[in-house]
Amino acid sequence: MQNTQNALFLNHKHADFTLGLALSLKLGDGEILVKIRAAALNPVDWKIQKWGFLVEEYPAVLGSDVAGDVVAVGTVSLGLLLETDFGSSLPYPDYSAFQEYCKLKEDFSAKIPSALSYEQASTFPCALLAAYQGLYNDASLLSNYHHCLPQTHAEKLKSLGATHIIDRTILLDSIHTRLVEIIGSGVKYIFDAVSEPETQKATYDLLSPGGKLALVLPVHVPMDSEEKIVSFTIGYPDAAHNRVCVKTMYSGIEALIEEGTLKPSNIEIVPGGLGVIVENLQRLENNQVSGVKLIIRPSDN
Ligand SMILES: NC(=O)c1ccc[n+]([C@@H]2O[C@H](COP(=O)([O-])OP(=O)(O)OC[C@H]3O[C@@H](n4cnc5c(N)ncnc54)[C@H](OP(=O)(O)O)[C@@H]3O)[C@@H](O)[C@H]2O)c1
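Residues numbered from 1 in each chain as written. Predicted model: local features only at pLDDT ≥ 70, side-chain atom pairs only at ≥ 80, totals over all residues.

Visitor: How should I be thinking about the overall build of the chain in this particular structure?
Guide: Scanning the chain from N- to C-terminus turns up eight helices and 13 strands. Taking 301 residues into account, the globule formula puts the C-alpha radius of gyration at 19 Å, and the chain, at 20 Å, falls close to it. Structurally, the chain occupies a C-alpha span of about 60 × 40 × 40 Å along its principal axes. Counting only residues that meet the buried cut, the chain has 39% of its 301 residues in that class. Partitioning the contacts of the chain with sequence separation of at least 6, the portion at a separation of at least 24 is 66%. (Helix = DSSP H or I, 4+ residues; strand = E, 2+ residues; numbered from the N terminus. Rg over C-alpha atoms; globule rule 2.2 N^0.38 Å. Buried ≥ 20, exposed ≤ 12 C-beta atoms within 10 Å, placed from the backbone. Contact = placed C-beta atoms within 7 Å.)

This is how it looks when you write it as structure tokens:
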């Protein structure tokens, strides 16, 4: 790696994003240096900038999903040089995706299966981690799900295993009636993968006494009820209660992709490198993207 690299900075909370130069990165034990070939954009990136939450260290570099080439390893690293890896970023500048190189913790990264492109591999970390945390760690929900999802993607969703699809454009109030038609009783486990204030209220109301609700955005419903258990799932690998679980997930991820249990999201590759991130986060914020993950290649000009 050269002495400096291009990066997209957020210099303080709520600042505009600006392109600049970051210094070269020093590796610690168990860390790998990755030349980033693909980085996925996520809704959380514009939310961190607009809402000023989750990130405390500024100037910040954002981006949660990394895929690339391992170009150096830390002293007691087990990683193989020149392997291709993908992995979860951390909310510190050196470990984030919107730059040309970043560090990853070996425990939170995996080899890219040969059938996947860098771009496909970069669709996994953030979304998979949030789902995994919510289903198996925070609320220990079951993965035998009925889904309330957009009808527009019905065929794709069924091919991925969705058993029932309720068009999300129906009134939230009528979802209860539809669910009772499908499952015949109260709902014990809900993963609200949208978690806007109105879906939180609807899912909380739907929950049976004794039920569990996992949310993926800051909570707007009571968390102190003895009747209904609500958890805020954060796909943040380095939190003390997440580390073991995330390491376990990464140890099995390559095999799960190879056997077809985990499939990459559909992608739209956006040319133009770091310079096009801001306009494409705007597309996410404006709800102009549906059914695909936007991918940039940080070294594109
Ligand atoms: N806590 C965490 O660690 C974590 C991690 C990742 C994501 N998140 C959060 O989780 C949410 C989803 O993230 P994502 O990456 O999956 O976003 P995404 O790729 O933009 O997908 C959002 C999906 O939700 C659908 N949707 C939007 N509003 C809905 C509603 N009212 N009812 C049902 N479906 C609705 C969209 O449908 P259309 O395509 O039809 O618009 C789209 O398919 C975001 O709020 C994100 O910030 C949290």
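Read on, since the account is not over.
Visitor: How should I be thinking about unusual backbone geometry in this particular structure?
Guide: Negative phi characterises most residues that are not glycine, and trans characterises most peptide bonds. In this structure, Pro 59 follows Tyr 58 across a cis peptide bond, with omega equal to 0°. Mapped onto the fold, Pro 59 is located in the loop between helix H1 (43–51) and strand S4 (60–61). A positive phi angle, near 55°, is found at Asn 287, a position not held by glycine. Along the chain, the position of Asn 287 falls in the loop between helix H8 (277–285) and strand S13 (293–296). Residue Asn 287 is classed as exposed on the basis of its 8 C-beta neighbours within 10 Å.

Visitor: What exactly am I supposed to notice about the environment of Leu 41 here?
Guide: For Leu 41, the position within the fold is in the loop between strand S3 (31–40) and H1. Between the alpha carbons of Leu 41 and Asn 280 there is a distance of 8.0 Å; along the sequence they are 239 residues apart. In this structure Leu 41 touches Ile 277, Asn 280, Leu 281, Leu 284, Leu 294 and Ile 296, once residues within four positions along its chain are discounted.

Visitor: Could you clarify how one ought to interpret H1 in this entry?
Guide: It helps to recall that an α-helix has 3.6 residues per turn; residues three or four apart then point in one direction. Considered for burial, the residues of H1 that qualify are Val 44, Asp 45, Trp 46, Ile 48 and Gln 49. Buried positions along H1 lie against strand S1 (4–10), strand S2 (17–23) and H8. Once H1 finishes, Gly 52 follows within two positions and takes phi at roughly 65°, a positive value.

Visitor: I keep staring at the sheet that holds S4 and nothing clicks. Help me out?
Guide: Sheet strands pair via backbone hydrogen bonds, and the direction of the pair is either parallel or antiparallel. One open sheet holds the three strands; their spatial order is S2-S1-S4, and the pairing between them is antiparallel. This sheet does not close on itself; its edge strands, each paired only once, are S2 and S4. By the bridge criterion, seven bridges tie S1 to S2 in an arrangement that is antiparallel. Looking at the pairing, Leu 8 lines up with Leu 19 of S2. (Pairing = 2+ DSSP bridges.)

Visitor: Where do I start with the packing of H1 against H8 in this structure?
Guide: Helix packing geometry: the angle between the two helix axes and the distance between the axes. One can describe the packing of H1 onto H8 by two numbers: an axis separation of 9 Å at closest approach and a directional angle of 95°. With respect to H8, the element H1 is oriented roughly perpendicular. Residues Pro 43, Asp 45 and Trp 46 of H1 form the contact with H8, whose participating residues are Leu 281, Leu 284 and Glu 285. When its residues are assigned to classes, the contact of H1 with H8 shows four nonpolar, no polar and two charged. (Axes fitted to C-alpha atoms, helices over the stretch in contact; angles between N-to-C directions. Parallel < 35°, antiparallel > 145°, perpendicular 65-115°, else oblique. Nonpolar A, V, L, I, M, F, W, Y, C, P; charged D, E, K, R; others polar.)

Visitor: Please explain the nonpolar core as it appears in this structure.
Guide: In a soluble, globular protein the nonpolar side chains are often hidden away together inside. Judged by nonpolar contacts, the single largest core of 63 residues is most densely connected at Val 34, Val 66 and Phe 98. Considering every element that reaches this core, the biggest residue donor is S3, with seven residues. Once you skip the residues sitting within four places of it in the chain, Val 34 turns out to touch Val 66, Gly 68, Asp 69, Val 70, Val 71, Asp 85, Tyr 101, Cys 102 and Leu 104. (Core = buried A, V, L, I, M, F, W, Y, C linked by C-beta atoms within 7 Å.)

Visitor: Looking at this model, I keep getting lost on the packing of helix H5 (residues 172–183) against helix H6 (residues 197–206). Mind explaining?
Guide: The geometry of H5 relative to H6 is characterised by a closest axis approach of 10 Å and an angle of 35° between their N-to-C directions. Our pair here, H5 against H6, has a crossing hand that is right-handed. Of the residues in H6, those touching H5 at Leu 172, Ile 175, His 176 and Leu 179 are Glu 198, Ala 202 and Leu 206. In terms of residue class, the contact of H5 with H6 is built from five nonpolar, one polar and one charged. (Left-handed = near helix turned anticlockwise from the far one by under 90°.)

Visitor: What is the right way to read H6 from this model?
Guide: Of the residues making up H6, those classed as buried are Thr 199, Gln 200, Ala 202, Thr 203 and Tyr 204. Elements in contact with the buried residues of H6: H5, strand S9 (187–192) and strand S10 (207–215).

Visitor: Explain the sheet that holds S9 to me, please; I cannot follow it from the model alone.
Guide: Within the open sheet, the three strands sit side by side as S9-S10-S11. Their pairing is parallel. Each end of this open sheet is capped by a strand with a single partner; those strands are S9 and strand S11 (229–232). Neighbouring strand axes in the sheet, compared pairwise and without regard to direction, differ in orientation by 10° on average.

Visitor: Which parts of the structure should I look at to understand the environment of Thr 4?
Guide: For Thr 4, the position within the fold is in strand S1. Judged by C-beta crowding, with 12 C-beta atoms within 10 Å, Thr 4 ranks as exposed. As for Thr 4 and Tyr 101, which are separated by 97 residues in sequence, their C-alpha atoms are 9.8 Å apart. If we skip the residues at most four places from it in the chain, Thr 4 touches Leu 21, Ala 22, Leu 23 and Ser 24.

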